[in-house]
Amino acid sequence: MASPVGRLPASARRLVDDLVDRVVDLAPHVPARDLATLRAHHPDLRAPDALAHKLVETAARATGAVGAAGGVVSSFELAAPPLLLSAPVQIVAETSAVVAIELKLVAELHEVYGRPAVGTPAVRAAAYLGAWTRRRALDTLNPTSGWGGVLSGAARRQLRQRLVRRAGSNAASIVPFLAGAVAGASLNSRETRRLGQQLIRDLAH
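Since the model is a prediction, treat every value here as computed from it, not as a measurement.

Thresholds applied
- Residues numbered from 1 in each chain as written.
- Predicted model: local features only at pLDDT ≥ 70, side-chain atom pairs only at ≥ 80, totals over all residues.
- Heavy atoms only, no water.
- Core = buried A, V, L, I, M, F, W, Y, C linked by side-chain atoms within 4.5 Å.
- Buried < 20%, exposed > 50% of the residue type's maximum accessible area, 1.4 Å probe, protein only.
- Helix = DSSP H or I, 4+ residues; strand = E, 2+ residues; numbered from the N terminus.
- Expected span 1.5 Å × (residues − 1).
- Polar contact = N/O pair within 3.5 Å; in protein donor to acceptor, adjacent residues only side chain to side chain.
- Contact = heavy atoms within 4.5 Å.

**Quick notes on the nonpolar core**
And step 1. Among the nonpolar cores identified, the biggest contains 40 residues, and Leu109, Trp132 and Leu163 are the most heavily contacted of them.
And step 2. Within the residue set of this core, elements represented by two or more residues are α1 (10–26), α3 (48–78), α4 (87–112), α5 (121–134), α6 (153–170) and α7 (179–203).
And step 3. Among the elements that make up this core, the one with the highest residue count is α4 (nine residues).

Shown next as structure tokens:
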């Protein structure tokens, strides 16, 4: 079966390649908090599960806000057809913002359950990017699982396919009027919660 990337037209593949490069570049700079900082920010949430669910809900609200903002912008662009040319740029920007929020969530959930990635910042960022791509927690015996500081060809292909799916969700915000804001907010929040809940299931056992 052909990959979703392979079925895209050349212009869309270039857009996806640009998105992959952006995400790989931003991953080491995502400002995730360590466990001590998380505890200081949420002193009333001592149980790991309680803190983890709080982080998931906060991230879901944040990605929902990104989707809503994108929908509002698109409603104005659709009122002025020449501005529709910016739609692909909007999708890339929105998807990059959502991935940054979710990568922060991935890293912080691993901190909460005492299973952070190890190594240099680049290696840790690649490990969390791998966890985000696979929608699974890091393997405690092999935390990088093939996602070293420099992504292999196979890892990059996995990332491209995941980003195509995520960008497809973000494209829902490119809908006339404020319907796009509602769709973008709902889809982003739902996907973020799904990611967070899967990671919690993995990390809590």
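What follows picks up the thread again.
**Regarding α5**
And step 1. Here α5 is 14 residues long and its end C-alpha atoms lie 20 Å apart, about the 20 Å a rise of 1.5 Å per residue gives.
And step 2. Of all the residues in α5, the buried ones are Ala125, Ala126, Ala127, Tyr128, Leu129, Gly130, Ala131, Trp132 and Thr133.
And step 3. Residue Arg135 follows α5 closely and has a positive phi angle near 60°.

**Points about the environment of Pro48**
And step 1. Summarising the element assignment, Pro48 is placed in helix α3.
And step 2. Residue classification places Pro48 among the partly exposed residues on the basis of a relative accessible area of 34%.
And step 3. Expressed as a C-alpha distance, the spacing of Pro48 and Ile200, which sit 152 residues apart in the sequence, is 9.6 Å.

**Topic: the side chain of Arg135**
And step 1. Mapped onto the secondary structure, Arg135 falls in the loop between α5 and α6.
And step 2. On the accessibility criterion, Arg135 (12% relative accessible area) is buried.
And step 3. Separated by 2.6 Å, the side chain of Arg135 and the backbone oxygen of Trp132 make a polar contact.
And step 4. Look past the residues within four positions of Arg135 in its chain and what remains in contact with it is Glu102, Arg162, Arg166, Leu195, Gln198 and Asp202.

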